[in-house]
Protein chains: 2
Amino acid sequence: MNPESNAQRNTKQRSAVRDVLAETEGFHSAQDLHAMLRDRGERVGLTTVYRTLQGLADTGEVDVMRPPGGEHLYRRCSQGHHHHLVCRSCGRTVEVLGPAVESWAEKMAGEHGFVDVSHTMEIFGTCPECAQKS
Amino acid sequence: MNPESNAQRNTKQRSAVRDVLAETEGFHSAQDLHAMLRDRGERVGLTTVYRTLQGLADTGEVDVMRPPGGEHLYRRCSQGHHHHLVCRSCGRTVEVLGPAVESWAEKMAGEHGFVDVSHTMEIFGTCPECAQKS
DNA sequence: TGCGCTTTTGACAATCATTGTCATTATCGA
DNA sequence: TCGATAATGACAATGATTGTCAAAAGCGCA
């Protein structure tokens, strides 16, 4: 009956996942992160990694990206909403901010009576270096 | 050795897939479309549906959406770029136009020197009716 | 129009990320 | 410290998508 059920317990595994996320740059798949944890000697089950990431994604602590043709990629989310500009050749990622986009999305949703709104946006392109190579 | 190998042959199956797409509104999964084709008496393999959809997506004839937690959804692309407002409960879809978003994406990409830019955006929320039910 | 090369098809198997299960373990509040 | 309860993790299950390859169909050319 607890409305704000903060039943989030603080476990070693959860901290471990947070730690790797904090110490790595860029996006990584759940399986990647799992492998990193094993290399560090942490003993964390793959299932747990998945569930932890889901939880973190729910609370907005991490970003999730679903690139075409692949696994979900996770990344420590710098607080605040933002989007990504991704090079489709080398995978380089640039964070971009677009307050205008945020408010536009909200407005659109509002006009149609939608509530509890979220949105995803990704920009794909070829970065300067990759463009030069071809 | 043909550089522009337009080796696209015109088969019954391909037309059939195009036809269902043309005559249905909204998004449908590959499996959906396959089922519709069977109902019509068309004899098309599931594998072929997948491959045809991929091809159509490559040429930009159809939209692809990857909602969280599910299959890919395909839709005949109404010419012109647009985005979608999707109810995460009942799946209802509303098309929304946002020229501002388009140009913003282009500008952002340009500022970072990215070329050959495309982008995806989806807005998720709960539509008025579903919100009332809960 | 008929022939042959090449693409396409389609049934089935294989893949693989993600989720479900459930007994065991660890955490947190009292 | 103790007990209720959430979290863990090994494993199985799921299910969409892709690979395979022999058989069939399209298209260009004579």
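Residues numbered from 1 in each chain as written. Chains lettered and ligands numbered in written order. Predicted model: local features only at pLDDT ≥ 70, side-chain atom pairs only at ≥ 80, totals over all residues. Heavy atoms only, no water.

*Asks:* I'm lost on the interface of chain A and chain B in this one. Help?
*Replies:* Size of an interface, as often reported, equals the accessible area lost when the parts are brought together. Taken residue by residue, the interface counts 38 residues in chain A and 37 residues in chain B. In total, about 3000 Å² of surface goes out of reach between chain A and chain B, with carbon and sulfur atoms giving 65% of it. When the area that chain A buries against chain B is broken down by residue, the three leading residues are Arg66(A), Trp104(A) and Phe114(A), summing to 23%. Where chain A packs against chain B, one counts 0 salt bridges. Summed over the shared surface of chain A and chain B, the result is 6 residue pairs in polar contact (both at pLDDT 80 or more). Every element with two or more residues in the side of chain A that touches chain B is listed here: β4 (83-87), β5 (93-96), α4 (99-111), β6 (115-126) and α5 (128-133) of chain A. (Contact = heavy atoms within 4.5 Å. Buried area = accessible area lost by both parts, 1.4 Å probe. Salt bridge = Lys/Arg side-chain N within 4 Å of Asp/Glu carboxyl O. Polar contact = N/O pair within 3.5 Å; in protein donor to acceptor, adjacent residues only side chain to side chain. Helix = DSSP H or I, 4+ residues; strand = E, 2+ residues; numbered from the N terminus.)

*Asks:* Explanation requested: the protein's contact with DNA strand C in the structure shown.
*Replies:* Taken together, the neighbourhood of DNA strand C is formed by 21 residues, with Arg9(A), Tyr50(A), Gln54(A), Thr11(B) and Arg51(B) sitting nearest. When atoms of DNA strand C within 4 Å of the protein are split into backbone and base, the sugar-phosphate part holds 67%. Within the contact set of DNA strand C, a sugar or linking oxygen lies 3.2 Å away from a side-chain nitrogen or oxygen of Gln31(A). Within the side chain of Gln54(A), a nitrogen or oxygen atom sits 2.6 Å from a phosphate oxygen of DNA strand C. Only α3 (46-58) of chain A together with α1 (12-23) and α3 (46-58) of chain B provide two or more residues apiece to the surface near DNA strand C. Of the residues forming the surface near DNA strand C, the biggest block, 4 residues, is contributed by α3(A). A per-class count over the surface near DNA strand C returns 3 nonpolar, 11 polar and 7 charged. (Near = heavy atom within 4 Å. Nonpolar A, V, L, I, M, F, W, Y, C, P; charged D, E, K, R; others polar.)

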